[in-house]
Amino acid sequence: MGHISWMFNGLARSLTLRKWRDSGGRGTAEAMAKEAKKNDLLLRSSGAVNVTGSDNIASVFSKRGEKGVNQDCFIVWEEFGCQEDMMFCGIFDGHGPWGHYVAKRVRKTMPSTLLCNWQETLAEASIDPDLDLDSDKKHHRVNIWKDSYMKTCAAVDQDLGQHRKIDSFYSGTTALTIVRQGELLVVANVGDSRAVLATTSDDGSLVPIQLTVDFKPNLPQEAERITRCKGRVFCLDDEPGVHRVWLPNEESPGLAMSRAFGDYCVKDFGLISVPEVIQRHITGKDQFVVLATDGVWDVVSNQEAVQIVSSIPDRAKSAKLLVEHAARAWKRKRRGVAMDDISAICLFFHSSPSSSEFHPVTKL
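Calculation criteria
Residues numbered from 1 in each chain as written. Predicted model: local features only at pLDDT ≥ 70, side-chain atom pairs only at ≥ 80, totals over all residues. Heavy atoms only, no water. Helix = DSSP H or I, 4+ residues; strand = E, 2+ residues; numbered from the N terminus. Buried < 20%, exposed > 50% of the residue type's maximum accessible area, 1.4 Å probe, protein only. Contact = heavy atoms within 4.5 Å. Areas by Shrake-Rupley, 256 points an atom, 1.4 Å probe, with all protein chains shown as cover. Salt bridge = Lys/Arg side-chain N within 4 Å of Asp/Glu carboxyl O. Pairing = 2+ DSSP bridges. Axes fitted to C-alpha atoms, helices over the stretch in contact; angles between N-to-C directions. Core = buried A, V, L, I, M, F, W, Y, C linked by side-chain atoms within 4.5 Å. Phe/Tyr/Trp six-rings, centres within 6.5 Å; stacked < 30°, edge-to-face > 60°. Lys NZ or Arg CZ within 6 Å of the ring centre and 35° of its normal. Expected span 1.5 Å × (residues − 1). Lys, Arg positive; Asp, Glu negative; His and termini not counted. Patch = residues over 30% accessible without salt bridge, like charges linked within 9 Å, V, L, I, M, F, W, Y side chains within 5 Å. Charge placed at Lys NZ, Arg CZ, Asp CG, Glu CD.

Caption draft 1: Geometry of the overall build of the protein. When its secondary structure is counted, the protein shows 10 helices and 18 strands. Counting all 364 residues of the protein, 54% fall into the buried class. For the protein, long-range pairs separated by at least 24 residues make up 70% of all intrachain contacts whose partners lie at least 6 apart in sequence. In the structure as shown, the protein presents an accessible area of about 16,200 Å², 49% of it carried by carbon and sulfur atoms.

Right under this line is the structure:
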């Protein structure tokens, strides 16, 4: 049976399509999130997740910067959608006066919306008379996860715009999320957070592979879109090298990324919330993936991050070690600059001998 059929049968083990539709897909997904939290399968604070029988080990840590409230937040959801072989991780970097509220809202709505859209896309594929479920070529053409993410990001951004209690006109958030489904890794990125994979080279050393693009305004394709929409991209005199997005006739809002949720003041001037979605099949050589906000990558290279995370025997503390290293690097490399919020998720793909020491959820 093809990959689409495998994914569809996995979902059918927990819910029938009729039950999902009758109860309301979004409501069912939100109920799953509540149940996951109750069963210690969902983490929204610094700590670690390792469920008995799962190869996944996720370590999470966040440190407030020097600009006020911590606007970073994250989520790790083991057995995503009641699927034993699925996991969802997301890291969100808010900005602007309401940024922390925007980030938390996106953290809340994205997983359940994605789960709902994924199920509906699977259902549509399963009843398409022209779709051969055994054909890998057809699978790649349909691209279930990419379609689901595209619908999800549009819906999440729309939700923000309609929210009565959150002012996202001059505030927004990035969103970097991954879904692990068996040996399939799906990464979706909106903004300038980054995902880096650590894999083993032929000589046995660990090497980094950057999975995502840092969507900064000075990237040629991003700058072209922004200027075509009458937005402007330039650096301030006291911030050489830091390109920002500006309104046509005002020196605001000065966003340092070209894609984000919210920030409606510049949505008509080139800022978008469209994700870049990539898929990768995990092999025995792939060891872990690091998801981190720009507070890490501004001062830590991909190679350094891989070395730091791999250097600690206790995987549950790997994210904390990386974040604390980045905080020290800020003091050395960026003297006089207020430290940004710093957050990271380290997801390990293979169990280790010490993994039996973990509780399902360990809070740090």
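Caption draft 2: Focus on the environment of E304. Its place among the elements puts E304 in helix α9 (residues 302-310). Sequence-wise, E304 and H325 are 21 residues apart; in three dimensions their C-alpha atoms are separated by 9.8 Å. Contact partners of E304, with chain neighbours within four places excluded, come to V299 and K333.

Caption draft 3: Expanded view of the pattern of salt bridges. One pass over the structure, following the stated rule, counts 12 salt bridges. Here E124 ties to K151 by a salt bridge, and the two come within 3.8 Å at their closest N and O atoms. A residue pair is termed long-range when its members are at least 10 positions apart, and E124 in helix α4 (residues 99-126) and K151 in helix α6 (residues 144-162) qualify at 27 residues. With a closest N to O distance of 3.2 Å, K285 and D202 form a salt bridge. Of the two residues, K285 sits in the loop between β15 (276-281) and β16 (286-292) while D202 sits in the loop between β9 (194-200) and β10 (206-210), which places them 83 residues apart along the sequence. Residue D202 is classed as exposed on the basis of its relative accessible area of 76%.

Caption draft 4: Local environment of the pairing of β16. Burial analysis of β16 places 6 of its 7 residues in the buried class, the great majority of the element. Relative to strand β17 (residues 342-348), β16 runs antiparallel, the two sharing 5 bridges. From the neighbouring strand, V290 faces β17, where its bridge partner is C346.

Caption draft 5: Here's a closer look at the sheet that holds strand β11 (residues 232-234). Pairing is antiparallel across the open sheet formed by 3 strands, whose spatial order is β11-β12-β13. Among the strands making up the open sheet, the edge pair consists of β11 and β13 (253-255). The sheet shows a mean angle of 35° between the axes of neighbouring strands, direction not considered. Direction of pairing for β11 relative to strand β12 (residues 244-246): antiparallel, over a ladder of 3 bridges. Bridging across to β12, F234 finds its partner in R244.

Caption draft 6: Here's a closer look at the nonpolar core. Ranked by internal contacts, the top residues of the largest apolar core, which has 37 residues, are W77, F88, V106, M110 and F261. Mapped by element, the contributors of at least two residues to this core are α3 (25-38), β4 (72-78), β5 (86-95), α4, α6, β7 (175-181) and β8 (184-190). Of all the elements, α4 adds the most residues to this core, at 9 residues. In terms of nonpolar packing, the next biggest core, distinct from the first, is built from 27 residues, F288, V290, A305 and C346 among them.

Caption draft 7: Molecular detail of the packing of aromatic side chains. The full count for this structure, using the stated rule, is 7 aromatic pairs. Note on W98 and Y101: the rings are 5.4 Å apart at their centroids and 50° apart in plane angle, and the pair reads as tilted. An aromatic cluster of three or more residues is present, and its members are W77, F80 and F88. If you follow K267 out to its NZ or CZ, it ends over the ring of Y264, 4.9 Å from the centre.

Caption draft 8: Representation of helix α10 (residues 318-333) in the model. Over its 16 residues, α10 runs 22 Å from end to end, which matches the ideal 22 Å to within 8%, given 1.5 Å per residue. Looking at the buried side of α10, the elements it contacts are β3 (57-63), β16, α8 (294-297), α9 and β17.

Caption draft 9: Molecular detail of the side chain of D294. As for its placement among the helices and strands, D294 is situated in helix α8. Here D294 sits buried without a salt bridge, and the closest side chain of opposite charge, K216, lies 4.2 Å off (N-O distance).

Caption draft 10: Expanded view of a positive patch on the surface. On the surface, K34, K37, R44 and K108 cluster together into a patch of positive charge. With respect to the element layout, R44 can be found in the loop between β1 (42-43) and β2 (47-49).

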